[in-house]
Amino acid sequence: MRIAALALMAGLAGCSLTPSGSGSECQSDSQCGDDVCARSGECLARSNVREVTIKWTVNGVTADVSSCSAHPDLYLQFDGADYGDTLRFAPVSCRQGSFFVDKLPKRYVQVELGSEGGAGDVSTIDATTAQAQFDLFQ
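In this text the structure is predicted, and so the values were computed from the model without any measurement.

I would appreciate a short explanation of the packing of aromatic side chains in the present structure.
Centre-to-centre distance and the angle between the planes together describe a pair of aromatic rings. The full count for this structure, using the stated rule, is 2 aromatic pairs. Ring centres 5.1 Å apart and planes at 50° place the aromatic pair F89 and F99 in the tilted group. In this pair, F89 sits in strand β6 (residues 86-93) while F99 sits in strand β7 (residues 98-105), placing the two residues 10 residues apart along the sequence. Feature note: the residues F78, F89 and F99 constitute an aromatic cluster, connected by ring pairs. Lying across the ring of Y75, R88 places its NZ or CZ 4.1 Å from the centre.

Here it is as structure tokens:
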């Protein structure tokens, strides 16, 4: 019984819990044939990814060393249409004021931005501009 459990665990160790369009995991486009390696680590058709920019200010002012001093590190979490389908980036430097993702799967329709260990704000990614805008800590 113990051997069967170990064999099952070994078999599952390479499985991704992220849904995939083509079922392939990747680290670079060269592993995806005609598709691209999305930032979620899966091979997807070019038509299923997009470039997205997230921008933020802090209490209405430009994000910089001074305005970000209380919260220097942020997190960004992209949420898919299906519950539990997330892609997270952390730490993200607050003073950047923006974050760009070049091959984000289109199924990610909203983004949460906040400080590590704290609550975040959620915004829908605009389908036309592929952007989301935040004013943090207001």
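Help me out: how do you make sense of the pairing of strand β9 (residues 120-124) in this one?
In summary, the side chains of a regular strand alternate between the two faces of the sheet. Of the strand pairs in this sheet, strand β8 (residues 108-115) and β9 are connected by 5 bridges, and their pairing is antiparallel. When the bridges of β9 are listed, G114 appears paired with G120. Counted along the chain from β8 to the antiparallel partner β9, the turn is 4 residues long, and its residue G117 has a positive phi close to 80°.

Would you take a moment to explain the environment of L113 for this structure?
Position of L113 relative to the elements: it lies in strand β8. According to the relative accessible area criterion, L113 is buried, its value standing at 0%. It is 8.9 Å that separates the C-alpha atoms of L113 and F78, two residues lying 35 residues apart in sequence. Every residue in contact with L113, bar those within four places of it in the chain, is listed here: W56, L74, Y75, L76, G120, D121, F134 and L136.

Got a minute to help me understand the nonpolar core in this structure?
A general tendency of soluble globular proteins is for nonpolar side chains to be buried together. Counting residues in hydrophobic clusters, the biggest one holds 23 residues, and the most contacted among them are I54, W56, F78, L104, V111 and F134. Every element with two or more residues in this core is listed here: β3 (49-58), β5 (73-80), β6, β7, β8 and β10 (131-136). Element by element, the count of residues in this core is highest for β3, at 4 residues. Non-local contacts of L104, meaning those with residues more than four positions away in its chain, are made with N48, V49, R50, V52, F78, L87 and I125.

What exactly am I supposed to notice about the state of the cysteines here?
Note: disulfide means a covalent bond formed between the sulfur atoms of two cysteine side chains. Summed over all chains, the structure comprises 3 disulfides. With a sulfur-sulfur separation of 2.2 Å, C26 is cross-linked through a disulfide to C37. Residues C26 and C37 are joined by a disulfide whose S-S torsion is about 95°; by sign, that bridge is right-handed. Residue C26 is located in the loop between α1 (2-12) and β1 (36-37), and its partner C37 is located in strand β1; the two are separated by 11 residues in the primary sequence. The pair formed by C26 and C37 is uniform in burial state, with each residue classed as buried. Residue pairing for C32: its cysteine sulfur links by disulfide to C43, the two sulfurs lying 2.1 Å apart. Of note, the bridge from C32 to C43 carries an S-S torsion of about -75° and is left-handed in sense. Residue C32 is found in the loop between α1 and β1, and its partner C43 is found in strand β2 (residues 43-44); the two are separated by 11 residues along the sequence. For C32, a relative accessible area of 8% puts it in the buried group. Taking relative accessible area as the criterion, C43 reaches 2% and is therefore assigned buried.

About the thresholds
Residues numbered from 1 in each chain as written. Predicted model: local features only at pLDDT ≥ 70, side-chain atom pairs only at ≥ 80, totals over all residues. Heavy atoms only, no water. Phe/Tyr/Trp six-rings, centres within 6.5 Å; stacked < 30°, edge-to-face > 60°. Helix = DSSP H or I, 4+ residues; strand = E, 2+ residues; numbered from the N terminus. Lys NZ or Arg CZ within 6 Å of the ring centre and 35° of its normal. Pairing = 2+ DSSP bridges. Buried < 20%, exposed > 50% of the residue type's maximum accessible area, 1.4 Å probe, protein only. Contact = heavy atoms within 4.5 Å. Core = buried A, V, L, I, M, F, W, Y, C linked by side-chain atoms within 4.5 Å. Disulfide = S-S within 2.5 Å.

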